[in-house]
Amino acid sequence: MNRRYVNLIIILLLLALSIWIDLPSNPGIKIGSFERSLETVLGLDLRGGMQVILSVPAEIAVTQQNLQDAAQILENRSNALGVDEVVYQTAGERIIVGEYPGASNAEDVIGKIKETGQLEFVDFGDVRVPEGTVVETDFGLSTSTGAEATPTVEVTPTTESTATAEATPEATPAETTSATRYHTVLTGANLKSVSVVRGQLNDYTVALEFDSEGADILKEWTTTNVGKILGIVLDKTVISSPSVNNPIPDGQAEIIGSFTNESANALAVQLRYGSLPIPLEIEQIRVIGPTLGQDSLDKSLLAGIIGFGIVMLFMGIYYRVPGVVADLAIIFYALITFAIFKLVPVTLTLPGIAGFLLSTGSALDANILIFERLKEELRNGRTMRQAIDLAWRRAWPSIRDSNIAALITAAILFWFGSTFGASFVKGFALTLALGVGVSLMTAFTVTRTLLGLVVDLFKDPEQRPGLFGL
Amino acid sequence: MINILGKRYYYFALSLLLIIPGLIILAVKGLPLAIDFKGGTLLELQFPSTQLPETSAVIALYNDMGFKEVQVQTALGISGERDILVIRSPFMDDTTKIALVEQMKTDFGVSEISVNRFDSVGPVIAQQVTSRAALAVAIAALAVILYITYAFRGIPHAFRYGVCAIIAMLHDILIVFSITAIGSVLWDWQMDSMFLTALLTVIGFSTQDKIVVFDRIRENSSFLRKLPFEKLANHSIVQTLQRSINTQLMTVEFMLLSLALFGGITLREFAVILLVGLLSGTYSSIFVAAPLLVVWENQEWKTWFRKQSANA
């Protein structure tokens, strides 16, 4: 069988696969552990939503592991609170990017991030500091870094009012801010696990387990401080003030109090998800209203279709038969690229669409280069088959080199985008690189195979130069 | 055959004519950086009608809340009415924004104000992003020079091709800056993240285009070795001219014009900058990069201050 027909069959199979993936009603792929829902993922600028960039203050030392843990904890916390499809990603050395598609209630979400803060175990001495009090501690000592409006002013009164241990809670109002700076004994970084234990009398306690470093510190401190208060402070706000009854030698602590099942669990959740290994500050917020996003999507789609249509017309009119073949190749290119976008999956944003358009330009350029070359060779009196072969061979170096240069640029931009949470640059680079890759493939397989087959349909193509725009 | 390269100094003059006004504006007014690169807050508010509050009243309200250096603009909304306020101010957090919008509702007697966009960028990260963006562009340029030098290693002075491509690319970057500077004066354009994307697209396209033209010189130089370099280069440009014009028509005119005309407000500035930038990318391949190669080959700087020789 002719090699060209083999190619054609492969191309058609690929095309069928792409169309199947592109179908909006596609149910998704499930092959073993490989699972894709195959939904078009739209970026925040197209569907509306919020992006928050959190950073670790410069004076705090941080490891990559800390940062990844923090991102994971934030994500768990958000999921536990029922915020949908939230993604937290680390970028560079001290940045976490949170994306909340479709979120219009920025207030709620940011409130939740703030709650999800730094957990500290604080030496309160003999004073039982009431819950909800904002206290100062000596941990991190982060002075406000650049932000004019400090977020610590508001107090989030916690609902776990029954969590105080043993002694009668002081009835002082919760909104007082104490002036003393307390010493932080331990932070959430040393907390290994938190669980709720049900006692014999239907009472509940919250059990804490610390890692070995935490256990040592706790042992040392509790031995010398029996009867003192070890306050639990989340984001500088007191959530519980238990007193130390006995020294704790093994890192296994229990908070005893008049807990109900519910309040014990609530405290456990706060301790578990609130124990971020590092403090985070909100560095950047972007909110795009859903109507603006929808409007951008509709209009850029319309513009894309109109532009695409005119380009296809032009190709057909100017280059005739090869032009029509190129049109087919470009449609093919668009279908495959879109299928890859859905498979990866690539989040489509406005810059991402720009990257896609640029690579469509490259795909067209490859075809134009070849056809201009084809016309030249035909003018020089070659036969059709020779001319096609020569055109491909001669146009290849320029297509290859120009596309490799584009790929180099895309790779560097992708690196830049991922270290800085600049997801718009990353989206642009990714769609550009994928598009350029596919365009190389389609120009050299699809256009070539189809053109070869189409030329065979005509007898004496050399006698009918009009077919080739000559 | 048309002699394109003969008039090369006219093209250089034309490029300078386009670039210098923009640079003067930038020198006088500074870069029109958006909050993405200098930090601050952009708040875009959708009002129910075109009865927008007075600019001075909005600024006064911001001042009361402790924000200086506030800029207020009106903008066309989705409905085509001028019912949007765009307010730029120093960095604020979400809580402050909510308080501010509530205050506006009571002060201006408007029942419903919806937030279309709220971008708040801390000054630290803005600075980091700016310096890294510059670094990324620089590294990309360097990598492209190296790649071109490698790809053209078979012909004499391969390094020149890389350098000339990058100079022409710088030309395109300057053109983009120039048009944005002019736009900043006429239509309050700002350099934001979309501007950076447009700039990156122009850079990518520009190098691609240079390589296509250079490739023809590379190919021709293998069998037209006896020809003087200027003739050879001119010949190559003319051969690729049709392709340059067609690719330009396709990618730039059609795609971007439709984007500029139908693409909605968010994309208009982006599309116009791209249109000019990509046009410049094609222009500079033919009228900057290739002529520079000839200038270098002839070492014309030695005769710049003497009388031009007849065969230049």
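Structure report, in brief. (Residues numbered from 1 in each chain as written. Chains lettered and ligands numbered in written order. Predicted model: local features only at pLDDT ≥ 70, side-chain atom pairs only at ≥ 80, totals over all residues.)

## Comments concerning the sheet that holds strand β9 (residues 191–198) of chain A
Where strands meet in a sheet, backbone hydrogen bonds hold them as pairs that are either parallel or antiparallel. Residues and elements named next belong to chain A. Cut-off, in case you're wondering: Note: two strands are recorded as paired if DSSP finds a minimum of 2 bridges between them. Each helix corresponds to a stretch of at least 4 residues labelled H or I by DSSP, and each strand to a stretch of at least 2 residues labelled E; elements are numbered beginning at the N terminus. Angles shown run from 0 to 180 degrees and are taken between the N-to-C directions of axes, each axis being a line fitted to C-alpha atoms and, for helices, limited to the stretch in contact.
An order of β9-β10-β13 is seen for the 3 strands of this open sheet, with the pairing classed as antiparallel. Unpaired on one side and paired on the other, β9 and β13 (252–259) mark the two borders of the sheet. Looking at each pair of strands side by side, their axes are set apart by 20 degrees on average, direction ignored. Relative to strand β10 (residues 204–210), β9 runs antiparallel, the two sharing 7 bridges. From the neighbouring strand, Leu191 faces β10, where its bridge partner is Phe210.

## Here we look at the sheet that holds strand β5 (residues 95–101) of chain A
Rule in force here: Residue pairs qualify as contacts under a 7 Å threshold applied to their C-beta atoms, which are placed from the backbone.
What the 8 strands build is an open sheet, ordered β4(A)-β5(A)-β3(A)-β14(A)-β4(B)-β1(B)-β3(B)-β2(B); its pairing is antiparallel. The open sheet is flanked by β4 (87–91) of chain A together with β2 (71–75) of chain B, the only strands paired with a single partner. Averaged over all neighbouring strand pairs, the angle between strand axes comes to 20 degrees, with direction disregarded. In this sheet, strand β3 (residues 84–89) of chain B lies alongside β2(B) in antiparallel orientation, the contact comprising 5 bridges. Paired with B:Gln71 across the bridge in β3(B) is B:Arg88. With respect to the sheet, helix α5 (residues 123–151) of chain B is in contact with β3 (49–55) and β14 (281–288) of chain A together with β4 (114–121) of chain B, its orientation differing from that of β14(A) by roughly 80 degrees.

## Re the interface of chain B and chain A
Reports often express the size of an interface as the amount of accessible area lost when the parts come together. Keep this limit in mind: Gly is placed with the polar residues, together with every amino acid not listed as nonpolar (Ala, Val, Leu, Ile, Met, Phe, Trp, Tyr, Cys and Pro) or charged (Asp, Glu, Lys and Arg).
Across the contact, 62 residues belong to chain B and 64 residues belong to chain A. Among the elements of the structure, α4 (94–108), β4, α5, α7 (193–223), α8 (229–262) and α9 (265–298) of chain B are those that each provide at least two residues to the side of chain B that touches chain A. Per-class residue counts for the side of chain B that touches chain A are 33 nonpolar, 21 polar and 8 charged. Relative to β4(B), β14(A) runs antiparallel, the two being bridged by 5 bridges. Looking across to β4(B), one finds that A:Arg286 is bridged to B:Asp119.

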